[in-house]
Structure formats: structure tokens, C-alpha cells
Amino acid sequence: MAEDMYSVEQVAERLGLHVRTVRGYIRSGRLRAVRIGKQYRIAARDLAALTGGTAPVTAPGPVGPVEVSSIVRIDGVDQVAADRLGTLVQAGAATRHDPGPPLRLQTMYDDERNRMTLVILGDPTATADLLRLVDSVLDGVLDDGARP
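Residues numbered from 1 in each chain as written. Predicted model: local features only at pLDDT ≥ 70, side-chain atom pairs only at ≥ 80, totals over all residues. Heavy atoms only, no water.

## Looking at the environment of Arg-115
Convention followed: Going along the chain from the N terminus, every DSSP run of H or I of four or more residues is numbered as a helix, and every run of E of two or more is numbered as a strand. The classification of residues rests on relative accessible area computed with a 1.4 Å probe and restricted to protein chains. Under 20% of the type maximum is buried, over 50% is exposed, and intermediate values are partly exposed. Residue contacts are counted whenever heavy atoms from the two residues lie within 4.5 Å of one another.
Tracing the backbone through its elements, the reader meets Arg-115 in strand E6 (residues 115-122). On the basis of relative accessible area, Arg-115 is assigned to the partly exposed category, the value being 23%. Each C-alpha atom of the pair Arg-115 and Arg-73 lies 6.8 Å from the other, and the pair is 42 residues apart in sequence. In this structure Arg-115 touches Arg-73, Ile-74, Asp-75, Val-77, Met-108, Tyr-109 and Asp-110, once residues within four positions along its chain are discounted.

## Quick look at the sheet that holds strand E3 (residues 39-43)
Our working definition: Pairing between strands is defined by DSSP: at least two bridges between the two strands are required. Axis definition: a line fitted to C-alpha atoms, limited for helices to the stretch in contact. Angles are taken between N-to-C directions and run from 0 to 180 degrees.
With antiparallel pairing, three strands are arranged side by side in an open sheet as E1-E3-E2. Where the open sheet ends on each side, the last strands, each with one partner, are strand E1 (5-7) and strand E2 (34-36). Geometrically, the sheet is characterised by an average inter-axis angle of 40° between neighbouring strands, direction not taken into account. Pairing of E2 with E3, which is carried by three bridges, proceeds in the antiparallel orientation. In the sheet register, Arg-35 faces E3, and the bridge partner there is Tyr-40. Contacts from helix H3 (residues 44-51) reach E1 and E3, with the element oriented near 75° to E3.

## Concerning unusual backbone geometry
For Asn-114, which is not glycine, the phi torsion reads 50° and is therefore positive. Here Asn-114 shows up in the loop between strand E5 (104-110) and E6.

## Digging into the packing of helix H1 (residues 8-15) against helix H2 (residues 19-28)
In plain terms, the rule: Under this scheme an angle from 65 to 115 degrees is roughly perpendicular, one under 35 degrees roughly parallel, and one over 145 degrees roughly antiparallel; angles in between are oblique. Each crossing is labelled by how the near helix is turned from the far one, with a counterclockwise turn of less than a right angle marking it left-handed and a clockwise turn marking it right-handed. Side-chain classes are defined by residue name, with Ala, Val, Leu, Ile, Met, Phe, Trp, Tyr, Cys and Pro counting as nonpolar, Asp, Glu, Lys and Arg as charged, and the others, Gly among them, as polar.
Orientation of H1 relative to H2, taken along the N-to-C sense of each, is 110°, at an axis distance of 8 Å. When the interaxial angle is binned, H1 and H2 end up roughly perpendicular. In terms of crossing hand, the pair formed by H1 and H2 is right-handed. Residues Val-8, Glu-9, Val-11 and Ala-12 of H1 pack against Val-19, Val-22, Arg-23 and Ile-26 of H2. Considering only residue class, the contact of H1 with H2 consists of six nonpolar, no polar and two charged.

## Some points on the pattern of salt bridges
As a reminder, the rule being used: Think of a salt bridge as a Lys or Arg side-chain nitrogen and an Asp or Glu carboxyl oxygen that are within 4 Å of each other.
Scanning the entire structure with this criterion turns up six salt bridges. The shortest N-O distance in the salt bridge between Arg-23 and Glu-9 comes to 3.6 Å. Taken together, the positions of Arg-23 in helix H2 and Glu-9 in helix H1 put the pair 14 residues apart, joining distant regions of the chain. Among the residues examined, Arg-23 registers a relative accessible area of 29% and is labelled partly exposed. Given a relative accessible area of 43%, Glu-9 falls into the partly exposed group. The partner of Arg-104 in a salt bridge is Glu-67, with the nearest N and O atoms 2.6 Å apart. Of this pair, Arg-104 sits in strand E5 while Glu-67 sits in the loop between H3 and strand E4 (68-75), placing them 37 residues apart in sequence.

## Considerations on the nonpolar core
A general feature of soluble globular proteins is that nonpolar side chains tend to end up buried together. Condition: Definition used in this section: a nonpolar core is a set of buried Ala, Val, Leu, Ile, Met, Phe, Trp, Tyr and Cys residues joined via side-chain atoms within 4.5 Å.
If you look at the biggest cluster of nonpolar residues, it comprises 17 residues, and the most contacted ones within it are Ile-74, Val-89, Leu-118 and Leu-130. Sort the elements by how many residues they give to this core and helix H4 (residues 79-94) lands first, with five residues. With sequence-adjacent residues up to four places away left out, Leu-118 is seen in contact with Ser-70, Ile-71, Val-72, Ile-74, Val-89, Gln-106, Thr-107 and Val-134. Counting residues in each nonpolar core, the second largest holds 12 residues, with Ala-12, Val-22, Ile-26 and Leu-31 among its members.

Given below as C-alpha cells:
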């Protein structure tokens, strides 16, 4: 029965390393490999020896949840408009239709600079939807010639 052989690229992907790092391991003798033409091949047992395991390394599983963070600064906003926009954004974040974890949202207002800051943390799709809501509200306000 033939033993599994991996390319440098496959080993790099499995270990989460850069291809150059794997090649460096081979050149330094840290990882045994066979050179076939201009390419290296690494046996499953040699890969297991490098990782300290006894069985071949399996491919990585599915990626866990992805979270994004967004910071939105809105200048030239008075306290009343900031409160109204904050309420709208909080409602938009709370009334999502997808079953994912809730968005985390923080609103801040700076009286001295007339600046509102929104910090949004959560699922990329839900965050994008909320950012579109903020954009559409601000576009509507700016089209009227006034700031929020």
C-alpha cells in the first residue's frame, strides 16, 4: 500500500504556515522530504514526526464564526439628531431577521466636536445591513440639505 505524500503547499496549508517556512524546515533538516524533479514531497509519517503526532495530519475543519468591527464617525451632528439616529440604529440592530448572534452596538456623542461615533461588532452580513441603514438615513438627510 502506498504511503500518502504531500506537496510543500499542502503541508503549509495543513499547518497554517507559509510555503517558504516549510521549505526552510526541509532545508534545515527539521522536516524530511524527497525531492522529485524540482519539487519536494513529504511523507505522512514525516509530517506526523514534525507535528509530534503518530497519524497523518487531517485537513482543517470548517472556519468558526467570523466577526467584523466597524467604527462610523459622523461629524456636524447635534445632540438631538445623534439621539434619534442612535435610537434608529439600535432598533435596526435589534430587529434582524437572521438567527445569528446579536450585533453589539455602542453609540457615543462628543458635545465639543458635534461628533457621533458608532461602534458595531458582529456578523459581517448583519453589520453590512446596519451600515446600509445608516448610509441611507444619512443620504436622505444630506439630500435635504441638512445634517442629522
